[in-house]
Protein chains: 4
Amino acid sequence: MENVNRSSPENWVSSRSPVTEAGQLVVLVTSGGKRFLFQLQPGQYFHTHLGSLPHNDLIGLPMGTTVHSQIGHAMLLLEPSLADLMTRVRRTTQIIYPKDANYIVHKLNLRSGSHVIEAGTGSGALTLALAWSVAPAGMVYTYEVRAENFNTAAENLRRAGLQPFVKQYQESIRDGFHQRGVDAVFLDVRMPWHYLEHVRTALRPGGFFTSLVPTTNQVTELLIGLEASGFADIEVEELLVRRYKPVPDRLRPDDEMVGHTGFIISARPIVDPSDPKRWLSQERKRYEARKEVEAIIAEEEERRAAERDAGGKKYPRMPLPG
Amino acid sequence: MENVNRSSPENWVSSRSPVTEAGQLVVLVTSGGKRFLFQLQPGQYFHTHLGSLPHNDLIGLPMGTTVHSQIGHAMLLLEPSLADLMTRVRRTTQIIYPKDANYIVHKLNLRSGSHVIEAGTGSGALTLALAWSVAPAGMVYTYEVRAENFNTAAENLRRAGLQPFVKQYQESIRDGFHQRGVDAVFLDVRMPWHYLEHVRTALRPGGFFTSLVPTTNQVTELLIGLEASGFADIEVEELLVRRYKPVPDRLRPDDEMVGHTGFIISARPIVDPSDPKRWLSQERKRYEARKEVEAIIAEEEERRAAERDAGGKKYPRMPLPG
Amino acid sequence: MENVNRSSPENWVSSRSPVTEAGQLVVLVTSGGKRFLFQLQPGQYFHTHLGSLPHNDLIGLPMGTTVHSQIGHAMLLLEPSLADLMTRVRRTTQIIYPKDANYIVHKLNLRSGSHVIEAGTGSGALTLALAWSVAPAGMVYTYEVRAENFNTAAENLRRAGLQPFVKQYQESIRDGFHQRGVDAVFLDVRMPWHYLEHVRTALRPGGFFTSLVPTTNQVTELLIGLEASGFADIEVEELLVRRYKPVPDRLRPDDEMVGHTGFIISARPIVDPSDPKRWLSQERKRYEARKEVEAIIAEEEERRAAERDAGGKKYPRMPLPG
Amino acid sequence: MENVNRSSPENWVSSRSPVTEAGQLVVLVTSGGKRFLFQLQPGQYFHTHLGSLPHNDLIGLPMGTTVHSQIGHAMLLLEPSLADLMTRVRRTTQIIYPKDANYIVHKLNLRSGSHVIEAGTGSGALTLALAWSVAPAGMVYTYEVRAENFNTAAENLRRAGLQPFVKQYQESIRDGFHQRGVDAVFLDVRMPWHYLEHVRTALRPGGFFTSLVPTTNQVTELLIGLEASGFADIEVEELLVRRYKPVPDRLRPDDEMVGHTGFIISARPIVDPSDPKRWLSQERKRYEARKEVEAIIAEEEERRAAERDAGGKKYPRMPLPG
């Protein structure tokens, strides 16, 4: 063991200031569990139904301090998590929730320095998670056709301080992407199967593709598209988070849970799509083989039935292959 | 829209070489879906039951290329994902699986530049995910008491090229951690509630704590410990991944799924733990209140019963509060 | 193949009248999916926000008929299912939901002719399901201490016409049950482990015991009780129903789902409880064995540490068993 | 309270003999948790890898007795549950598992006296559950085209003693069913949507229809069929059973769970199918409405684009409805 003084301040490793500073985003949590996210600005006031608080009183405090509104309500001052940032964005669309955003980042294999394309931007909640993962050395290229969403996302990114790591395009992806050689592409559009050639063109060899769709019908369409467009290593997954009531002597799952958000489909581009069937999943191949056998059996059954109906020769009672 | 030439090579954004290089980790996927992870080394051979392949034939190919063993079996050359790295480590312990590792990274709020403590290291699968998230500017401090695990983890980190972002300690955490002011602490030990004071001491204000335990009994113990040690914003969650067979015209979930790995508990340290009850969850407080009422009712019922048994005065048939 | 006239009325097998009759329970479903359960009574009116309807207009119609309120709203006339009966009871307590009720009936192994004890009755929703399963030859014996619940359950049973198959007791089960040799016992009480001796006394050899508790702490307590009281074949299960939106071209699970109701524990009494450990689950036995080994290791580690601290003899670097 | 002698034998309510009898089905559970189902026959022997046991030693014992093989292995003698019967059938097909069988019985609204059609019979596992529910006053009519399955099911029903409540047909359902006015119909065939008219013809008004299919594509097809064939009150559900290891001080879910068996679709026939759209789910109707709006928007967008391309008049920047 090295001989370190465990209480010495020179072991301090965080680059974060130990106290809040003007301009910083903070969360106030009420004793009822409500969370408020805002930026500390000298001279401003935080107002809520539980009373108000001057920002000046919050600047310079350590995170984790209990503070009181002017009418005496206690609130907890916390550093916001990425989940706080994502779920407290201004919204002009439905947003992708942290559980999925986080798994999508994982399936896209992002890390600091990655370059990733996203379409569409929506309100920018996932864009925050993408930028968070690739900063400071990487970049997010995000496409959105509607001006309203484009502006909402820009504002949400600016507030979170993640705008330097995002390049926003207000345009359709119908004609493709501006980038070549990106590490990953994520599609959150209604018909992702329409854009797979564009995805192939933008992705570098070895890159990662992921999409999120809400319905099983879309999963089916996207799988057909991926098989036809030279993708392999295809996976379809769904994520369920089960939350528990944190009561030690009455531990139990929450009564209600989010039942569904979307299916996450991921795949890798292959160089030579001439024989894409080779890389279908085992299950897929087994099914193809079974379909062929069944077609043969059905044909044979039909033939026998026709001959029987025609009063023709009796087949011996040999079982058909099952 | 800006006037860019979409096929121009100056749009190439990845820092990755378009072809494989000696020393790089690659994955070979068989047509049966088996995955092999190894490092490309000039002069070496890859051997499997489907035949062998000289590494020299693989060096210089684009990722996504179909290659063939000397006896003609096709295999797909892929860049490994973080999940490939994690699930193909050498193991001397059970490992934390990607679905959980990934969610733990999220609950610890890690990003490039974060400083995070982990105990114990185990085989280092989660350590890979932590290092991946904090690289290149951050650092993982990981503690492990058993030499065998310590060495396995070192080897796994070296192979993945993530050792520069990890400082390993082969020692117990009984006496605490060497660091102060870390951004996050993760405990994967049997009795995490024994080390909560050490966690508080090591965490900077605003830091993030997370633990993973397999049983409900441990969740209960940890919740008791967290409430007693000045933590708030406590959450207990469990993650389920449901995989689907990627067959477009026969889409269905897998027959088998992972039913349980562990419960993920997360919390934030508070500055003044003098009134920790204030920050209990609403559910917790409601339960405390109910317990008090029930104790009063039980006492009253007992008293009435005693008087009845003693032949004493009859209580009117007034309902007790329910 | 038998030579039957497939359209002949003599093939009619149901004992049910093809049209509604006075006194019958029916359900009206609005086009918005709301369901109303009531009894047809000549001269009465059905009133709702969508208009009113004379019962007389409904009597004599086939089930499945579309009817209209006096202001023109269409509603569908349906025969109520058991689930309709259970979820539309008058309530003075939380009720056990159909998914669980149904599984409990299954774990109790009920069929027509079974005799089953239930405690407590609550609002009688589960009692309906039990009576439904054992009728017409069996009997439900149900215990409830609170008058309010007792009366509510009586009314709910009467309305559903299932009262002949239920014997209600308004009394505590502290002193046991009135029956001997019942086929099954179900406990829905806060501390079922207090009554296991009573359960053993009431159950016939080969009988079935089941209980439903909401928290993991209660499961632990009940398991301890069952092991100590001569029960084997112990199972702990939880049931999740995932509902889908029935939209063919946008098939997807519901956004919200019931996340938790309770844990269903079932067990069988054994004749000779002298060696109950013999019938513990494999997992349980493996854990007991591991605990013993770990205790030995911990002791040995302590001894070595003590000797080391005392400057005593150095142990060779032999690994402890892992 | 009635004045009963709680230990008096006249309170004995079960019609079951308190001890085993020749001809009865029993289960032997090994200390390793393996279960063996067989019929007690004087003079026969039970053989297993843990030794053998003469049936004569088992006849006359109370259920729940611990017995020993001739080489000393302990086994527990239990009365088989319906689940034991179902999961220990001889199989020539995949079987429907107890969790689903049980829920199907519930969705079919079966009780003693019900008449229910099943197709196909398969190995008869579900047939056992159906017969169990409708006995002794009701009847199951089950159709199966393959001789092998027909015979397997017959044997499984005979062994369980449930054959008196089942009428088996070895024939296709292409031309319909022999019964009219049945209370319920269950279809376990690959393309249930082909037989919905036959189902309508066989069901009495107010009857219950249910089907089980494994893939989402089949659910979509069946929903289209049900909407077109005059069914309402349509539900799509999936059942997940989560089992826990019954270890009190290490309570946790099983590591593995059954991830998928099938989707359960249920519906009710309506009398006048002239306006089936009326009874679509709210979600369905909302979606239909949205599709119409979207079609209008898409058309408008196309028209505007065409005019723009033609250099025609500039549309004001009015947002399209979102």
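Quantities reported herein were computed from a predicted structural model and do not represent experimental measurements.

What counts and what doesn't
Residues numbered from 1 in each chain as written. Chains lettered and ligands numbered in written order. Predicted model: local features only at pLDDT ≥ 70, side-chain atom pairs only at ≥ 80, totals over all residues. Heavy atoms only, no water. Helix = DSSP H or I, 4+ residues; strand = E, 2+ residues; numbered from the N terminus. Buried < 20%, exposed > 50% of the residue type's maximum accessible area, 1.4 Å probe, protein only. Contact = heavy atoms within 4.5 Å. Areas by Shrake-Rupley, 256 points an atom, 1.4 Å probe, with all protein chains shown as cover. Pairing = 2+ DSSP bridges. Axes fitted to C-alpha atoms, helices over the stretch in contact; angles between N-to-C directions. Phe/Tyr/Trp six-rings, centres within 6.5 Å; stacked < 30°, edge-to-face > 60°. Lys NZ or Arg CZ within 6 Å of the ring centre and 35° of its normal. Salt bridge = Lys/Arg side-chain N within 4 Å of Asp/Glu carboxyl O. Buried area = accessible area lost by both parts, 1.4 Å probe. Nonpolar A, V, L, I, M, F, W, Y, C, P; charged D, E, K, R; others polar. Least-squares fit on C-alpha atoms with pLDDT ≥ 70 in both. pLDDT = per-residue confidence, 0-100. Expected span 1.5 Å × (residues − 1).

Undergrad: Give a detailed account of the overall build of chain A, specifying residues and quantitative values.
TA: Summing up its helical and strand segments, chain A has eight helices and 15 strands in all. Taken across its 322 residues, chain A has 56% of its residues classed as buried. Contacts in chain A between residues at least 24 apart in sequence constitute 58% of all its contacts with a sequence separation of at least 6. Here chain A has roughly 13,800 Å² of accessible surface; of this, 51% comes from carbon and sulfur atoms.

Undergrad: Explain the sheet that holds strand β1 (residues 25–30) of chain D residue by residue, including any values.
TA: Residues and elements named next belong to chain D. The strand order across the open sheet built from four strands is β2-β1-β6-β5, with neighbouring strands paired in antiparallel fashion. Either end of the sheet is taken by a strand with one partner, and the two such strands are β2 (35–39) and β5 (66–68). Strand-to-strand twist in this sheet, taken as the mean axis angle between neighbours without regard to direction, amounts to 35 degrees. Sheet analysis places β5 next to strand β6 (residues 74–78), joined by three bridges and oriented antiparallel.

Undergrad: Describe the packing of aromatic side chains, naming the residues involved and giving the relevant values.
TA: For the structure shown, the criterion picks out 24 aromatic pairs over all chains. Ring centres 4.6 Å apart and planes at 15 degrees place the aromatic pair C:Tyr143 and C:Tyr169 in the stacked group. Here C:Tyr143 is found in strand β8 (residues 139–143), whereas its partner C:Tyr169 is found in strand β9 (residues 166–169), with 26 residues between them in sequence. Through a chain of ring-to-ring contacts, three or more aromatic side chains come together here, namely A:Phe36, A:Phe38 and A:Phe46. Directly above the ring of A:Trp132 sits B:Arg111, whose terminal nitrogen or CZ lies 4.3 Å from the centroid. In this structure, D:Arg268 packs its charged tip against the face of D:Phe208, placed 3.7 Å from the ring centre.

Undergrad: Report on the pattern of salt bridges, specifying residues and quantitative values.
TA: Using the criterion set out here, one finds 56 salt bridges over all chains in the structure. Residues B:Arg243 and A:Glu235 are paired through a salt bridge, measuring 2.9 Å at the closest nitrogen-oxygen approach. Taken together, the residues span two chains, with B:Arg243 in strand β12 (residues 231–245) and A:Glu235 in strand β12 (residues 231–245). With relative accessibility at 23%, the residue A:Glu235 sits in the partly exposed group. With its nearest N and O atoms 2.3 Å apart, the salt bridge here joins B:Arg242 to D:Glu238. Placement of the pair is B:Arg242 in strand β12 and D:Glu238 in strand β12 (residues 231–245), with the two residues belonging to separate chains. Accessibility classification places B:Arg242 together with D:Glu238 in one group, the buried group.

Undergrad: Any details on the interface of chain D and chain C? Residues and values, ideally.
TA: Residue-level contacts link 106 residues of chain D with 106 residues of chain C. Each partner contributes to the roughly 9,100 Å² buried at the junction of chain D and chain C, and carbon and sulfur atoms together form 56% of this total. Here chain D is connected to chain C by eight salt bridges. It is β12(D) that contributes the most residues to the side of chain D that touches chain C, 14 residues altogether. Broken down by class, the residue content of the side of chain D that touches chain C amounts to 49 nonpolar, 26 polar and 31 charged.

Undergrad: So what's going on with the sheet that holds strand β2 (residues 35–39) of chain B? Residues and values would help.
TA: Residues and elements named next belong to chain B. Strand order in the open sheet formed by four strands is β2-β1-β6-β5, and the pairing between neighbours is antiparallel. The outermost strands of the open sheet, each flanked by one partner alone, are β2 and β5 (66–68). For this sheet, the mean inter-axis angle between neighbouring strands, taken without regard to orientation, is 35 degrees.

Undergrad: Give a detailed account of the interface of chain B and chain A, specifying residues and quantitative values.
TA: In this complex, chain B contributes 106 residues to the contact, which on the side of chain A involves 105 residues. Both sides of the chain B and chain A interface together cover about 9,100 Å² of buried area, and 56% of this is carbon and sulfur. Counting every contact that joins chain B to chain A gives eight salt bridges. Note that B:Glu79 and A:Arg204 form a salt bridge whose closest N and O atoms lie 2.6 Å from each other. Looking at the side of chain B that touches chain A, the element that brings in the most residues is β12(B), giving 14 residues. Partitioning the side of chain B that touches chain A into residue classes produces 49 nonpolar, 26 polar and 31 charged. Where β12(A) and β12(B) come together, nine bridges link them in antiparallel fashion. Bridged to A:Leu240 within β12(B) is B:Leu240.

Undergrad: I'd like a rundown of the pairing of strand β4 (residues 51–54) of chain C, residues and numbers included.
TA: All names here are of chain C. Burial along β4 is two-sided: Gly51 and Leu53 and Ser52 and Pro54, pointing in opposite directions, are all buried. As defined by bridge partners, strand β3 (residues 45–48) adjoins β4 across four bridges and the pair is classed as antiparallel. Among the inter-strand pairings, threonine 48 is bridged to a residue of β4, identified as glycine 51. A loop of two residues connects β3 with β4, the two strands running antiparallel in sequence.

Undergrad: A description of unusual backbone geometry should follow, citing residues and the corresponding values.
TA: All names here are of chain C. Cis rather than trans, the peptide bond between alanine 119 and glycine 120 has omega equal to -10 degrees. Its place among the elements puts glycine 120 in the loop between β7 (115–119) and α4 (125–134). The omega torsion of the bond from alanine 135 to proline 136 falls at -5 degrees, within 30 degrees of zero and hence cis. Considering the arrangement of structural elements, one finds proline 136 in the loop between α4 and β8.

Undergrad: Please set out the relation of the copies chain D and chain C residue by residue, giving values where relevant.
TA: Both copies of the chain are tied together by a single rotation about an axis and a shift running along it. Of the transformation superimposing chain D on chain C, the axial component is 0.0 Å and the angular component is 180 degrees, with the fit at an RMSD of 0.0 Å. Here the symmetry operator amounts to a two-fold rotation axis. Ranked by how close their C-alpha atoms come to the rotation axis, the residues of chain D are headed by D:Leu240, at 2.5 Å.

Undergrad: Requested: an account of the environment of A:Val241, with residues and values cited.
TA: For A:Val241, the position within the fold is in strand β12. Accessibility expressed as a relative area gives 13% for A:Val241, which makes it buried. Each C-alpha atom of the pair A:Val241 and A:Asp100 lies 9.7 Å from the other, and the pair is 141 residues apart in sequence. Those residues in contact with A:Val241 that sit more than four places away from it in its chain are A:Lys99, A:Met257, B:Tyr103, B:Glu237, B:Glu238 and B:Leu239.

Undergrad: Tell me about the confidence of the model for chain A, and name the residues and values.
TA: Residues and elements named next belong to chain A. Of the residues in chain A, 87% reach a pLDDT of 70 or more, and the chain-wide mean stands at 88. Within the model, pLDDT remains below 50 along residues 1–8, and this stretch shows 17 contacts once partners closer than five positions in the same chain are excluded. In the predicted structure, residues 312–322 sits below a pLDDT of 50 and forms 13 contacts with residues beyond four places in sequence or in another chain. This complex was scored by the predictor with a pTM of 0.89 and an ipTM of 0.88.

Undergrad: Account for helix α4 (residues 125–134) of chain A, naming residues and giving values.
TA: The element α4(A) is extensively covered by neighbouring structure, given that 10 of its 10 residues are classed as buried. Taken residue by residue, α4(A) has A:Ala125, A:Leu126, A:Thr127, A:Leu128, A:Ala129, A:Leu130, A:Ala131, A:Trp132, A:Ser133 and A:Val134 as its buried positions.

Undergrad: Can you break down helix α5 (residues 147–160) of chain D residue by residue, with the values?
TA: An α-helical turn contains 3.6 residues, so a residue and the one three or four places further along point in the same direction. Residues and elements named next belong to chain D. End to end, α5 covers 20 Å across 14 residues, agreeing with the expected 20 Å (1.5 Å per residue, within 8%). Among the residues of α5, those classed as buried are Asn149, Phe150, Thr152, Ala153, Ala154, Asn156 and Leu157. Positioned one or two residues after α5, glycine 161 has a phi angle of 75 degrees, which is positive.

Undergrad: Please give an account of the relation of the copies chain B and chain A that cites residues and values.
TA: Note on the copies: chain B fits chain A at an RMSD of 0.0 Å, the axial shift is 0.0 Å, and the rotation between them is 180 degrees. With an isologous cut-off of 70% or more, the 99% of interface residues of chain B that recur at the interface of chain A puts this contact in the isologous class.

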